[in-house]
Amino acid sequence: MRAVVPALLIHISIGTVYCWSVFKQLIADQMRVAPSTIEWGFSLAIFFLGMSAAFLGPVVEKDIRRSALISLVCFVAGFAGTGASIAAGWLPGVFICYGAIMGVGLGVGYLTPVKNLMLWFSDNKGLAAGIAVAGFGLAKAIASPVMTWLIASVGLVNMFYVLAVVYAIMMFAGFLLIRRPAGYVYSAAARVRRRTVMRRPVFWAIWLAFYLNITCGLALISQEKDILHDALAVMPRFAGLDAAAFATATAGVISTVLAVDAVFNAVGRLGFSTLSDHCRRRETSYVVIFVMSVVVCLLQVVFRSIDNGTLWMILVMLFLVNAGYGGGFSTLPVLLEQHFGMSSVSTVHGLALSAWAFAGLSGNQLASFVVTHAADQSHRYAGLIPVLAVLYAVALVAILLVMRDRKSADDRDVVNVAA
């Protein structure tokens, strides 16, 4: 519990970055800008998350207490500063506070508990990594209704102030509790340098697979509401409703689906990383994720489920892609540990999270481009699915190449032992 509790306190706090959809339209309305403009706040937050993790991984490696404190200060200051920027009507302040300052807190905070739990649960590192990031996945389900209630009760700006205080308390408690296991000693000599990591092709194959998984997940998730809206519109149960009744019915369905999405995301984070503990190679979890994702996307294409309003097939796709999306995050650190060793896992993990930074910029934009430029606008969302199937297939090839590299490494080890 000494390791799990601070991990959850930190990740449940910073994971609320995924609650952006709860208030982004309200920010746009209050600041009188287009939603597409305000969307850059979230994109910048994810970009700075990935890049700060890439550059500050060695800090987490060396001093976990310092990294927890950096995360606390940056995340809370950025969250409260976003509210102040909205109150002042200063748009750049939203980008600076929610995007840059809070983004740094996200990146450092995301890394901080991961290796620590892997050290505490050395015999079940996959499960440990899953626990470490499960809070990040569950945060949206926990915080979204709280934010909605606070906005209705105290207003948008005060919601940021109230939750900034709550998150400060939670993250400070995490800072006080977090500890390395007894006997752990940091060794600078055992650390793998980032330059060495980036020279190995296996790192870039893992990076590519991770990047594509996030890009595809964000591309689908960003269009989720519109896909469900179009599918429900052609279902006999909903097609006959007037505009007001249809809006009420679809709002209920979509909010329920989004809540279940968060559960699948969290279960995927625990499930796929735990699966990797029971496989000969950690890459097996990624193979399962990508094969599953390709299959569910191809089923949508073959049966035209979006155009025909086959809701159960659409839900299967959304839930399983969300599970694979979460599982990709939790399996990454143990996969990197398998190839680069435990001594530098925070450093290498941070480098790999730069893929998240670029996926945060490209995922939504990819979906918007495909949907906007679809030849048949009446089937615009259906046109996105085959593109995702192809990208998932490329990710599958990349991870199979990683397995091939690992097999070659195992073979070399056998030869060396025999010699």
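Use the structure listed above.
Note that the structure is predicted; figures quoted are calculated from it, not measured.

### Some thoughts on the nonpolar core
So, point 1. Counting 134 residues, the largest nonpolar core has Phe-23, Phe-79, Met-159 and Trp-356 as its most contacted members.
So, point 2. The greatest single-element share of this core, amounting to 15 residues, is contributed by helix α16 (residues 311–340).
So, point 3. Excluding residues that lie within four positions of it along the chain, Trp-356 makes contacts with Tyr-18, Ile-46, Leu-49, Tyr-110, Phe-136, Phe-210, Ile-214, Tyr-325 and Phe-329.

### Side note on the packing of aromatic side chains
So, point 1. Counted according to the given criterion, the structure contains 29 aromatic pairs.
So, point 2. On the numbers, 5.9 Å between centres and 90° between planes, the contact of Phe-47 with Phe-48 is edge-to-face.
So, point 3. With relative accessibility at 23%, the residue Phe-47 sits in the partly exposed group.
So, point 4. Ring plane angle 40° and centroid distance 6.5 Å describe the contact between Phe-290 and Tyr-392, whose orientation is recorded as tilted. In this pair, Phe-290 is assigned in helix α14 (residues 283–303) and Tyr-392 in helix α19 (residues 384–418), connecting sequence segments 102 residues apart. The exposure classification of Phe-290 matches that of Tyr-392, with both residues buried.

### What about the side chain of Arg-282?
So, point 1. Inspection of the secondary structure puts Arg-282 in the loop between α13 (243–277) and α14.
So, point 2. Overall, the relative accessible area of 13% leaves Arg-282 in the buried class.
So, point 3. At 3.1 Å, the side chain of Arg-282 forms a polar contact with the side chain of Ser-276.
So, point 4. Contacts of Arg-282, omitting those with residues within four sequence positions, involve Lys-125, Gly-126, Ser-273, Ser-276, Asp-277, Thr-331, Val-334, Leu-335 and Gln-338.

### Examining the pattern of salt bridges
So, point 1. Scanning the model with the defined rule gives seven salt bridges in all.
So, point 2. Close ionic contact of Glu-61 with Lys-115 constitutes a salt bridge, the shortest N to O distance being 2.3 Å. Here Glu-61 is found in helix α4 (residues 40–62), whereas its partner Lys-115 is found in helix α6 (residues 91–120), with 54 residues between them in sequence.
So, point 3. Residue classification places Glu-61 among the buried residues on the basis of a relative accessible area of 0%.
So, point 4. Two residues, Asp-277 and Arg-282, come together in a salt bridge whose shortest N-O distance is 2.6 Å.

### Focus: the environment of Phe-203
So, point 1. Summarising the element assignment, Phe-203 is placed in helix α10 (residues 201–222).
So, point 2. Separated by 172 residues in sequence, Phe-203 and Met-31 have C-alpha atoms that sit 43 Å apart.
So, point 3. Among residues more than four places away in sequence, those in contact with Phe-203 are Val-197, Met-198, Phe-340, Val-348, Leu-351 and Ala-352.

### Remarks on the packing of α10 against helix α17 (residues 345–352)
So, point 1. Between α10 and α17, whose axes approach to 10 Å, the crossing angle comes to 50°. In terms of axis orientation, α10 runs oblique to α17. Seen from α10, the contacting residues are Phe-203, Trp-207 and Phe-210; seen from α17, they are Val-348, Leu-351 and Ala-352.

### Concerning the packing of α6 against helix α7 (residues 125–154)
So, point 1. Where α6 meets α7, the closest approach of the two axes is 8 Å, and the angle between their N-to-C directions is 155°. One way to sum up the angle between α6 and α7 is to call them roughly antiparallel. In the crossing of α6 with α7, the sense of the turn from one axis to the other is right-handed. Every residue of α7 that contacts α6 at Tyr-110, Pro-113, Val-114, Leu-117 and Met-118 is listed here: Lys-125, Ala-128, Ala-129, Ile-131, Ala-132, Val-133 and Phe-136.
So, point 2. Of the residues contributing to the contact of α6 with α7, the split by class is 11 nonpolar, no polar and one charged.

Procedures and definitions
- Residues numbered from 1 in each chain as written.
- Predicted model: local features only at pLDDT ≥ 70, side-chain atom pairs only at ≥ 80, totals over all residues.
- Heavy atoms only, no water.
- Core = buried A, V, L, I, M, F, W, Y, C linked by side-chain atoms within 4.5 Å.
- Buried < 20%, exposed > 50% of the residue type's maximum accessible area, 1.4 Å probe, protein only.
- Helix = DSSP H or I, 4+ residues; strand = E, 2+ residues; numbered from the N terminus.
- Contact = heavy atoms within 4.5 Å.
- Phe/Tyr/Trp six-rings, centres within 6.5 Å; stacked < 30°, edge-to-face > 60°.
- Polar contact = N/O pair within 3.5 Å; in protein donor to acceptor, adjacent residues only side chain to side chain.
- Salt bridge = Lys/Arg side-chain N within 4 Å of Asp/Glu carboxyl O.
- Axes fitted to C-alpha atoms, helices over the stretch in contact; angles between N-to-C directions.
- Parallel < 35°, antiparallel > 145°, perpendicular 65-115°, else oblique.
- Left-handed = near helix turned anticlockwise from the far one by under 90°.
- Nonpolar A, V, L, I, M, F, W, Y, C, P; charged D, E, K, R; others polar.

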